[in-house]
Amino acid sequence: LLGDTEQVWRRLGRDIETVVSGVRDTGGPGGRPSVVIRAASPASIAVAGAYANVVRVEATDAEQARALRDDVRAAAAAVGRDPDDVRVLVDAVVLVGSDAASARARLDLLSDLAAGEPPWRRTLSHLGNADQLTDLLDAWFSNRVVDGFTLVPGSLPHDARALAHDVVPLLRERGLVRGAYTTP
């Protein structure tokens, strides 16, 4: 709503620095708060590189995603940050079916119901089964295209269930998702 201008991003950068500094000064739990920024423009990438722990991007293919990751990492290095301290995640809209045809049928139905531009036209989208999605995620992660993914179910509840019950176990088998999380 604010607009994607250099002026807006400079202001947001100053605001983020104020919040991060204020938390550090008060000795808040865990020290520095996590900062997550969605980056799409050169101005947003510069602020993300300077302040974010996690940067979300939209990319329709591996080449575009890798270029965005490289840009964010270069922006982090330019301000003296270790680029490895910044994780770049690509948003992926997923429709998981028994095969690509069943997923395509649901996509066609959703397209008919969607108002405006559907999210699967702006970023990585997957139409297929759980094994195919796991292969795609594994390939992008293993080839350092991105550091991870924000998986967005194309439809609820079907795709959310498929992610939880079909995809996550496959990712665990490959060591791409932790089996358990511990609390500090």
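Residues numbered from 1 in each chain as written. Predicted model: local features only at pLDDT ≥ 70, side-chain atom pairs only at ≥ 80, totals over all residues. Heavy atoms only, no water.

A short note on the overall build of the chain
In step 1: What the chain contains, in helices and strands, is 6 helices and 5 strands.
In step 2: Referenced to the eigenvectors of the C-alpha coordinate spread, the extents of the chain come out at roughly 50 × 40 × 30 Å.
In step 3: For the chain, buried positions account for 39% of its 184 residues.
In step 4: The long-range fraction of contacts in the chain, counting pairs at least 24 apart against all pairs at least 6 apart in sequence, stands at 65%. (Helix = DSSP H or I, 4+ residues; strand = E, 2+ residues; numbered from the N terminus. Buried < 20%, exposed > 50% of the residue type's maximum accessible area, 1.4 Å probe, protein only. Contact = heavy atoms within 4.5 Å.)

A few points about the packing of helix H5 (residues 130–142) against helix H6 (residues 158–173)
In step 1: In the contact formed by H5 and H6, the axes pass within 9 Å of each other and the chain directions differ by 45°. Here H6 runs oblique to H5, going by the angle between their axes. As for how H5 packs across H6, the hand of that crossing is right-handed. Of H6, the residues touching H5 (which contributes Ala130, Asp131, Leu133, Thr134 and Leu137) are Leu163, Asp166, Val167, Leu170 and Leu171. (Axes fitted to C-alpha atoms, helices over the stretch in contact; angles between N-to-C directions. Parallel < 35°, antiparallel > 145°, perpendicular 65-115°, else oblique. Left-handed = near helix turned anticlockwise from the far one by under 90°.)

A look at the nonpolar core
In step 1: Of all hydrophobic cores here, the largest spans 39 residues; its most connected members are Ile37, Val55, Val90 and Trp140.
In step 2: Residue assignment for this core shows that the elements contributing at least two residues are helix H1 (6–26), helix H2 (42–51), strand S2 (54–57), helix H3 (62–78), strand S3 (87–96), H5 and H6.
In step 3: Dropping the residues within four chain positions of it, Val55 is found in contact with Ile37, Ala39, Ala48, Val72, Val86, Arg87, Val88 and Leu89.
In step 4: Residues Leu95, Leu107, Leu110 and Trp120 belong to the second largest nonpolar core, which totals 6 residues. (Core = buried A, V, L, I, M, F, W, Y, C linked by side-chain atoms within 4.5 Å.)

Re the side chain of Asp159
In step 1: Within the secondary structure layout, Asp159 lies in helix H6.
In step 2: Given the relative accessible area of 0%, Asp159 is considered buried.
In step 3: Polar contacts involving the side chain of Asp159 include one to the main-chain amide nitrogen of Val96, which spans 2.7 Å.
In step 4: The residues touching Asp159, leaving out its near neighbours within four places in the chain, are Val94, Leu95, Val96, Arg106, Pro153 and Gly154. (Polar contact = N/O pair within 3.5 Å; in protein donor to acceptor, adjacent residues only side chain to side chain.)

Observations regarding unusual backbone geometry
In step 1: Omega for the bond connecting Leu156 with Pro157 falls within 30 degrees of zero, at 0°, which places this linkage in the cis form.
In step 2: Relative to the helices and strands, Pro157 resides in the loop between strand S5 (148–153) and H6.
In step 3: Even without being glycine, Arg144 reaches a positive phi, approximately 55°.
In step 4: You can see Arg144 is positioned in the loop between H5 and S5.

Here's the deal with the packing of H2 against H3
In step 1: As a packed pair, H2 and H3 sit with axes 7 Å apart at the nearest point and diverge in direction by 55°. The angle between the axes of H2 and H3 places the two elements in the oblique class. Viewed along their axes, H2 and H3 form a crossing whose handedness is right-handed. Across from Ile45, Ala46 and Gly49 in H2, the residues of H3 making contact are Leu68, Asp71, Val72, Ala75 and Ala76.
In step 2: Looking at side-chain class alone, the contact of H2 with H3 contains 6 nonpolar, 1 polar and 1 charged residues. (Nonpolar A, V, L, I, M, F, W, Y, C, P; charged D, E, K, R; others polar.)

Some words on the packing of aromatic side chains
In step 1: Evaluated as defined, the whole model comprises 1 aromatic pair.
In step 2: A ring pair is formed by Trp140 and Phe149, whose centres lie 6.2 Å apart and whose planes are at 40°; its orientation type is tilted. This pair shows no difference in class: Trp140 is buried, exactly as Phe149 is. (Phe/Tyr/Trp six-rings, centres within 6.5 Å; stacked < 30°, edge-to-face > 60°.)

Concerning the pattern of salt bridges
In step 1: Using the criterion set out here, one finds 11 salt bridges in the structure.
In step 2: Of the charged contacts, one joins Arg11 and Asp15 as a salt bridge, the two residues approaching to 3.3 Å between their closest N and O atoms. Here Arg11 pairs with Asp15, and both are found in helix H1, just 4 residues apart, close to one helical turn.
In step 3: By relative accessible area, which is 47% here, Arg11 ends up partly exposed.
In step 4: Asp15 gets classed as partly exposed once you look at its relative accessible area, which sits at 34%.
In step 5: Among the salt bridges present, the one from Arg56 reaches Asp91, with a minimum N-O distance of 2.9 Å. Residue Arg56 is located in strand S2, and its partner Asp91 is located in strand S3; the two are separated by 35 residues in the primary sequence.
In step 6: One network of salt bridges, in which partners are shared, links Arg38, Arg56, Glu58, Asp91 and Arg122. (Salt bridge = Lys/Arg side-chain N within 4 Å of Asp/Glu carboxyl O.)

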